Amino acid sequence: MFRMITAAGAMLCVGTASAMTLHVSAAMTNTAADAQLGAPAASGAAVAAAPAVPASQGEMGLRAALRVLASPRAKAAAAGGGESNAANASADRVDIDLGPGTYRIEAPLRVTLDPSWRGAAITISGAGEDKTTLSGSRVLNGFRPVDADAARRLPEAARGHVLVAKLADSGISDMGTFERHGFGIPRKPEPLTLLYRDNPVQIARWPDTGYATIDTLPDGEKGLKFTVRDAPYEALANAMKTSHDLRAFGYWARDWADTTLEVDAVDPASKAVTLKAPAPMLGLKQGQRMVFENALELLDRPGEWYLDTQAKAVYFWPPAPLKDGDTEVSMASGMFVLDNAPNVTIRNLAIDGVRGNGFQINGAANIVVDHATVRNAGGVAVWSTAADSHFRFMHVSNTGEGGIVIFAGNRKTLAPGNTSVEDSVIHDYATRSRTYRPAIAVSGVGDRIERNHIYDGPHTAIIFAGNDHRIAGNEIDHVAREVDDTGAIYSGRDWTSRGTVIEDNFMHDIGTADHPTATMGIYLDDQAGGTTIRRNLFSKVNQAVFIGGGRDNVIEDNLFVNCTPAIHVDSRGLTWQRALATSPSGPLQQGLALVNFTQPPYSTHYPSLATMLTDAPGAPKGNVIRRNAVINGTPTAIDNKAQPYIDVQQTFGAGEVKFAKAMPDEARSSLDDLRLAPGTPALQQGFDVSTFARPAR
């Protein structure tokens, strides 16, 4: 049997396999009729009851195509008509092909499968990341000079340059709602934001660059008031009188915990600023960094903007004369939402300008996102709890709350999740909340992070939790640039989180000179253990591997260049964190109880874990350091109480390591600078160098 029908909604049958193909266009998607299908009133049961679109109608809107999946298969078959009826009913694949163009999507696209489609493979394909764009934004038109009252509020340098556009003139009524965000606060969609020529615009702020610091705390560290030396108090007070949109971002008490929240009052006389309650989670502290933002009175540079929520207007100082289509504002709270929809592949397209997540994947399995760009998203590119799923060849940038977040695998049974993030580029991924919003976060069992390039992030690049993950072949650079007490790869405070292998990664230019002793390459914090760190290449990392009191870690065959110390191990579980190790009600021992650690599978998979509570809990036992090469740096920093527990074996130095490129070691930086020469003595003595730096043959 062989039959091909080329109209939209047609069937392609080869042997006993068949596919329903739905041809989708931007023009049809951008019609009012298709947009209505994405409105909240058309969700749930109403969507499921909607009829399929007949093939004879040709190209269709994207929302209409998704309604086919939410409808019973029999209705899709009936809509096909004629000889395609039986083929529709037996289709084992549905291909939704998106033509080139910009698809305007202002409400999330929900991929929901009627039970009759279970087992069918679903593919949603664009014409290419540079050709098919699903935009969650709307063009903002109607910019004009500001009125006299607004001009008086502006800094003198901005007068005559700043323009204003009423949102209503572009049919926009939903501005979203500002909610405090940052450390320890669940991710939520951001309010409306401005894009200029496809790039995010800097919110008006003081100071224009860098940070101010808290000077005094009139009500103490647990209060809500603070002062800042040389702050523009009159302008801030005027902003509070006219709009109440003023916010403050700060590392209020720790350089690893940020919060953005509303300002409640500004008193120019006392120079005191009062934050809206409740106070930041960890309180306030003198000397900590902060910024004021979102006030017309602070809009003093080209390329800044301000949202007036009372007047429902956007103020913007364009860096160049505005043209039609230059400015857009984010509208959609997210793009794709998959609720227990298995066997779905989404590929060859771009997502742009959403307030929340690019992909929200809840449950199911066998999800693939392939060759997809996600940019200018207020949330993350991907949030997924799907098993046996893969996110690969993605380009993620300008995301507010991190890059890709996956939860896959069963921690009680140690059944692997088999989910991966591969061959992707992720940068500028924590632009809204700055800490603990990594490029990739993985929790669960048996997942993989491989061959990605991660760069330009304020805090960590990868956070892992759980068991038996593989983090390999990644290049990570220029992260941990704004905070301290963090690492490019981070895990912590869980004795049961074991079995992860970190290998063959290239990590360079981590941290800053401002925080030389508190930014790490691989950071196993608060007694984390059971991790193998091997064959990695480190260059210009302040503290390349940092073991914070954990046990059973193996650090072998790594090349450290210009790193001091290369490896740090401390005994915190015997000293200042002793209570954390010995308390039955603390998180470490509670974590043991949750997985029944003295019984299989944990007792057999991790034998040393079964005796944790009877074998010097808190002691950094079982750590092995061997066959590492350290050039132009200190090999180890192991505190006195930790030393009896650490097995330090052979370390290779300058006499055993020869590079292919002749140059001063302190100048070595690039990958090419770090390749070993064939026949280098360390290789002959058993050193197994990273695949990144294998010598040329």
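Scroll up a little and you will see the structure.
Small disclaimer: the values here were computed from a predicted structure and weren't measured.

What about the pairing of strand S25 (residues 327–330)?
A regular strand places its side chains on the two faces of the sheet in alternate fashion.
Part 1: Burial of S25 is two-sided: the residues Thr327 and Val329 facing one way and the residues Glu328 and Ser330 facing the other way are all buried.
Part 2: Sheet analysis places strand S9 (residues 137–139) next to S25, joined by three bridges and oriented antiparallel. Considered in S25, the bridge of Val139 is made with Glu328.
Part 3: As judged from the three bridges shared by strand S13 (residues 194–196) and S25, these two strands associate in the antiparallel manner. If you follow Tyr196 over to S25, its bridge partner there is Thr327.

So, the sheet that holds S13
Part 1: Here four strands make up an open sheet; going across it, the order is S9-S25-S13-S14 and the pairing antiparallel. Each having just a single partner strand, S9 and strand S14 (199–200) make up the two edges of the open sheet.

Some words on the sheet that holds strand S15 (residues 202–203)
Part 1: Spatially, the five strands line up as an open sheet ordered S10-S11-S24-S23-S15, and their pairing is mixed. At either margin of the open sheet sits one strand with a lone partner, and together these are strand S10 (144–145) and S15.
Part 2: With four bridges joining them, strand S11 (residues 163–166) and strand S24 (residues 313–317) adopt antiparallel strand pairing. Bridged to Leu163 within S24 is Phe316.

Here's the deal with helix H10 (residues 587–594)
Part 1: Within H10, the full set of buried residues consists of Leu588, Gln589, Gly591 and Leu592. Along the axis of H10, the buried residues cluster in a sector spanning 155 degrees; they form a single face. In H10, those exposed residues whose orientation departs by more than 90 degrees from the buried face are Ala593 and Leu594.
Part 2: Taken together, the buried residues of H10 touch helix H9 (578–582).
Part 3: Asn596, located one to two residues past H10, shows a positive phi value of around 55 degrees.

Examining the environment of Ala377
Part 1: Relative to the elements of secondary structure, Ala377 occurs in strand S29 (residues 367–377).
Part 2: Looking at Ala377, the relative accessible area reads 3%, which means it is buried.
Part 3: On a C-alpha basis, the gap between Ala377 and Glu401 in space is 8.5 Å, while along the polypeptide they are 24 residues apart.

Overview of the pairing of S11
Part 1: With two bridges connecting them, S10 and S11 associate as antiparallel partners. Paired with Arg144 across the two strands is Val164, which belongs to S11.

Examining helix H4 (residues 62–70)
Part 1: Summarising burial for H4: nine of the nine residues are buried, a large majority.
Part 2: If you check which residues of H4 are buried, you get Leu62, Arg63, Ala64, Ala65, Leu66, Arg67, Val68, Leu69 and Ala70.

Concerning the packing of aromatic side chains
Part 1: Counted according to the given criterion, the structure contains 19 aromatic pairs.
Part 2: Summarising the aromatic geometry, the rings of Phe249 and Tyr251 are spaced 5.4 Å apart at their centres and angled 85 degrees between planes, so their arrangement reads as edge-to-face. Each member of the pair, Phe249 as well as Tyr251, carries the same accessibility label: buried.
Part 3: Grouped by ring-pair contacts, the aromatic residues Phe183, Trp256, Tyr436, Tyr490, Tyr523 and Phe546 constitute a single cluster.
Part 4: Over the face of the ring belonging to Tyr211 we find Arg289, whose NZ or CZ atom lies 5.3 Å from the ring centre.

Reading guide: rules and limits
- Residues numbered from 1 in each chain as written.
- Predicted model: local features only at pLDDT ≥ 70, side-chain atom pairs only at ≥ 80, totals over all residues.
- Heavy atoms only, no water.
- Buried < 20%, exposed > 50% of the residue type's maximum accessible area, 1.4 Å probe, protein only.
- Helix = DSSP H or I, 4+ residues; strand = E, 2+ residues; numbered from the N terminus.
- Pairing = 2+ DSSP bridges.
- Arc of directions from axis to C-beta.
- Contact = heavy atoms within 4.5 Å.
- Phe/Tyr/Trp six-rings, centres within 6.5 Å; stacked < 30°, edge-to-face > 60°.
- Lys NZ or Arg CZ within 6 Å of the ring centre and 35° of its normal.

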